[in-house]
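Breakdown of the fold
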Amino acid sequence: MNRALLLSCALAVSSAAFGDQPQVHVEPPHLQGPLTLAQQTETAAIRDYLESWKSLQTAFDQNQAALLDADFVGTAHDKLTSAIDEQAKLGIHTRYQDRAHNVQIVFYSPDGLSIQLLDTVDYDAQILKGGAVLTSQHVRRRYVVVLTPTQVRWAVRIFQEEPQ
Amino acid sequence: MRGGISFVLGALALAALQASVAAGESMTIPKQVTAGSAFSIQTTGSGPAVLYVAGPGQALSRNVQMGEPASFASGALHQAGHYLAVLVKGSSPVADGSFDVVPANQPAKLSFLAKPSRLPVGLRNGISGSVYVFDAYGNLITTPLPVSFALSTPSGAVQKRVVTTQNGAASTQMDSGAKEGAAKFIAQAGAATSTRVIEQVPGDPCTLQMSVQPSGQQLSVQTAPVRDCSGNAVPDGTIVSFTEKYNGIQSTVDVPIKRGVAQVEMPARPGATISVASGVVAGNEIRWEGGR
């Protein structure tokens with residue numbers, strides 16, 4: 001409980017600089033597997049994951065896939081890049097605004113090379129064409145996310161949304 | 001701030017959509033679609049329109065004659081996720097909705113990480129393997145699935161474990177075998193398999209036994225073949241240290257194992273004590289009495 005509160009506070013402070021901030025709640029890890037997760041690692045992974053939402057939002061809103069490069073790798077990077085390219089060809093863009101995250105780390109691989117987390121996200125999504133909003137919807141979905149370490153941070157390798 | 005204005009504009013779009021619904025323009029969207037499967041979205045109304053479908057995984061469009069279905073062929077929409085759909089007539093949205101694309105349940109690809117690639121024999125839980133299971137389109141299959149892990153060691157022994165995935169992931173640990181050589185580590189889920197090779201190398205020397213023979217003014221000191229605790233020959237190049245103590249003076253010679261044994265020439269000093277060690281293992285000690 002204390003650990004969850006501590007993490008929530010730490011993440012709230014670290015993300016306060018972004019302005020329109022989502023509420024973030026972090027559940028204590030519920031790990032399968034033999035490896036224990038250091039709190040520093042947990043905090044860093046969740047911080048980097050939440051930051052990846054910022055680059056995702058900007059990349060999809062501006063149709064600039066290159067903005068994903070710092071936060072996404074592998075499959076997640078390829079899929080998101082492809083989606084941005086497709087929407088750019090259609091002359092549309094999408095706007096995602098995350099409102100709340102409920103994050104829990106559920107797997108830390110024995111080799112220490114991947115962390116899996118689940119995140120129930122409340123967000124608003126829009127499709128826009130030019131300046132016109134074509135549709136605007138509020139969504140609550142579960143994200144299954146796998147992060148892997150890069151030289152300086154945890155990057156999102158799998159980023160998959162599914163019904164709750 | 002920008003987001004706030006934008007989402008107010010979204011509310012205005014919604015008002016326009018409600019007017020369209022009143023005019024009999026709508027669409028019926030399936031709640032859930034399996035990744036890569038064919039499906040259609042039925043529309044009502046008349047006249048041409050464009051259907052946009054967009055999510056973090058894909059974005060596509062269809063030109064639609066309202067009143068007819070918009071069809072998506074097999075493979076057209078294959079990335080799992082939540083998708084917004086909006087039907088646009090002219091430049092105005094006339095109907096919208098959303099739906100989920102979920103992974104197919106047939107495993108087609110495994111991401112299999114095995115570690116380490118090289119380790120000593122006889123190490124309990126020394127080998128770890130973790131797997132993520134994907135469908136044919138690279139979507140993580142998050143429904144529970146059994147994954148079989150099998151480690152075939154050079155001795156012919158096979159260790160097997162079956163682990164059920166949680167949120168698409170499964171992991172296990174295995175012991176390295178008793179015999180040196182390449183071990184095959186196989187993960188399998190459904191028809192998808194992935195193999196990694198783990199090189200098992202001999203462990204540290206288990207015992208050291210040396211013998212001494214006079215050789216002119218020198219002593220020829222040689223170990224018996226150096227083996228680990230499972231009987232595997234310790235690799236050439238492993239360092240063995242010979243120490244001679246004589247009259248309070250100690251001298252040590254480090255020698256690499258060659259062809260399974262370590263050998264060195266040391267001064268033949270009556271009353272000297274010679275000992276042998278490698279790593280943390282100490283061997284026997286011999287006191288040289290001048291050949292008597």
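Residues numbered from 1 in each chain as written. Chains lettered and ligands numbered in written order. Predicted model: local features only at pLDDT ≥ 70, side-chain atom pairs only at ≥ 80, totals over all residues. Heavy atoms only, no water.

1. Here we look at the environment of S136 of chain A
All names here are of chain A. The topology assignment puts S136 in strand 4 (residues 132-149). Taking the C-alpha atoms as reference points, S136 and A125, separated by 11 residues in sequence, lie 5.7 Å from one another. Within polar-contact distance, the side chain of S136 engages the side chain of Q126 at 3.4 Å. (Helix = DSSP H or I, 4+ residues; strand = E, 2+ residues; numbered from the N terminus. Polar contact = N/O pair within 3.5 Å; in protein donor to acceptor, adjacent residues only side chain to side chain.)

2. With respect to the nonpolar core
Counting residues in hydrophobic clusters, the biggest one holds 44 residues, and the most contacted among them are Y49, L147 and F159 of chain A. Among the elements that line this core, the one with the most residues is helix 2 (residues 39-62) of chain A, at nine residues. When residues no more than four places from it in sequence are discounted, the contact partners of F159 of chain A are Y49, W53, L56, F72, A76, L80, Y143, V144 and V145 of chain A. Membership of the second largest hydrophobic core comes to 23 residues, among which are M27, I29, V33 and Y83 of chain B. (Core = buried A, V, L, I, M, F, W, Y, C linked by side-chain atoms within 4.5 Å. Buried < 20%, exposed > 50% of the residue type's maximum accessible area, 1.4 Å probe, protein only. Contact = heavy atoms within 4.5 Å.)

3. A closer look at the pattern of salt bridges
The final tally for this structure, using the stated rule, is 13 salt bridges over all chains. Between D124 of chain A and R99 of chain A there is a salt bridge; the shortest N-O distance is 2.7 Å. Of this pair, D124 of chain A sits in strand 3 (residues 115-129) while R99 of chain A sits in strand 2 (residues 92-108), and the two are 25 residues apart along the sequence. The exposure class of D124 of chain A is buried, given its relative accessible area of 13%. With relative accessibility at 28%, the residue R99 of chain A sits in the partly exposed group. In this structure, E25 of chain B and K89 of chain B form a salt bridge, with 2.8 Å as the shortest nitrogen-oxygen distance. (Salt bridge = Lys/Arg side-chain N within 4 Å of Asp/Glu carboxyl O.)

4. Comments concerning the interface of chain B and chain A
Each partner contributes to the interface: chain B provides 48 residues, whereas chain A provides 49 residues. Together chain B and chain A conceal approximately 4,100 Å² of surface at their shared face, both sides included; 58% is due to carbon and sulfur atoms. Linking chain B with chain A are 18 residue pairs in polar contact (both at pLDDT 80 or more), by the criterion used here. Among the elements of the structure, helix 1 (2-22), strand 4 (48-54), strand 5 (59-65), strand 7 (81-89), strand 8 (92-102), strand 9 (109-115), strand 11 (127-134) and strand 14 (169-174) of chain B are those that each provide at least two residues to the side of chain B that touches chain A. At seven residues, the largest contribution of residues to the side of chain B that touches chain A is made by helix 1 of chain B. For the side of chain B that touches chain A, the residue count by class is 23 nonpolar, 21 polar and four charged. (Buried area = accessible area lost by both parts, 1.4 Å probe. Nonpolar A, V, L, I, M, F, W, Y, C, P; charged D, E, K, R; others polar.)

5. Let's talk about the confidence of the model for chain A
Residue and element names in this part refer to chain A. Looking at chain A, pLDDT values average 88 and 88% of them are 70 or higher. Segment residues 1-7 is flagged for pLDDT under 50; beyond a separation of four residues in sequence, or across chains, it makes 12 contacts in the model. Here residues 9-19 is a poorly scored stretch, pLDDT under 50, and it has 10 contacts once near neighbours within four places are set aside; other chains count. (pLDDT = per-residue confidence, 0-100.)

6. Re helix 3 (residues 74-90) of chain A
Between its terminal C-alpha atoms helix 3 of chain A stretches 25 Å, which fits the 24 Å expected from 17 residues at 1.5 Å a residue. In this structure, the buried side of helix 3 of chain A is in contact with helix 2, strand 2 and strand 5 (154-162) of chain A together with strand 5 of chain B. (Expected span 1.5 Å × (residues − 1).)

7. Section: the sheet that holds strand 11 of chain B
Residue and element names in this part refer to chain B. Read across the open sheet, the three strands follow the order 9-11-14; overall the sheet is antiparallel. Two strands lie at the open edges of the sheet, namely strand 9 and strand 14, each paired on one side alone. On average, adjacent strands in this sheet sit at an angle of 15° to one another, irrespective of strand direction. Bridge count between strand 11 and strand 14: six bridges; the pairing is antiparallel. Its bridge partner lying in strand 14, S130 is registered against S171. (Pairing = 2+ DSSP bridges. Axes fitted to C-alpha atoms, helices over the stretch in contact; angles between N-to-C directions.)

8. Things to note about the pairing of strand 8 of chain B
All names here are of chain B. Burial runs high along strand 8: eight of the 11 residues are buried. Pairing geometry for strand 2 (residues 32-34) and strand 8, over three bridges, is parallel. Bridge pairing links V33 to V101 in strand 8. As defined by bridge partners, strand 7 adjoins strand 8 across nine bridges and the pair is classed as antiparallel. Its bridge partner being in strand 8, K89 is matched across the sheet by S92. Between strand 7 and strand 8, which pair antiparallel one after the other, the connecting turn spans two residues, and G90 there sits at a positive phi close to 65°.

9. Some details on the pairing of strand 21 (residues 239-246) of chain B
All names here are of chain B. Looking at chain direction, strand 21 and strand 22 (residues 249-256) are connected through eight bridges and run antiparallel. Residue pairing across strands places S241 opposite D254, the latter belonging to strand 22. In sequence, strand 21 turns back onto strand 22 through a hairpin of two residues, with N247 there showing a positive phi of about 50°. Pairing analysis gives five bridges linking strand 21 to strand 24 (residues 272-278), with the strands arranged antiparallel. Within the sheet, the bridge partner assigned to S241 lies in strand 24 and is A277.

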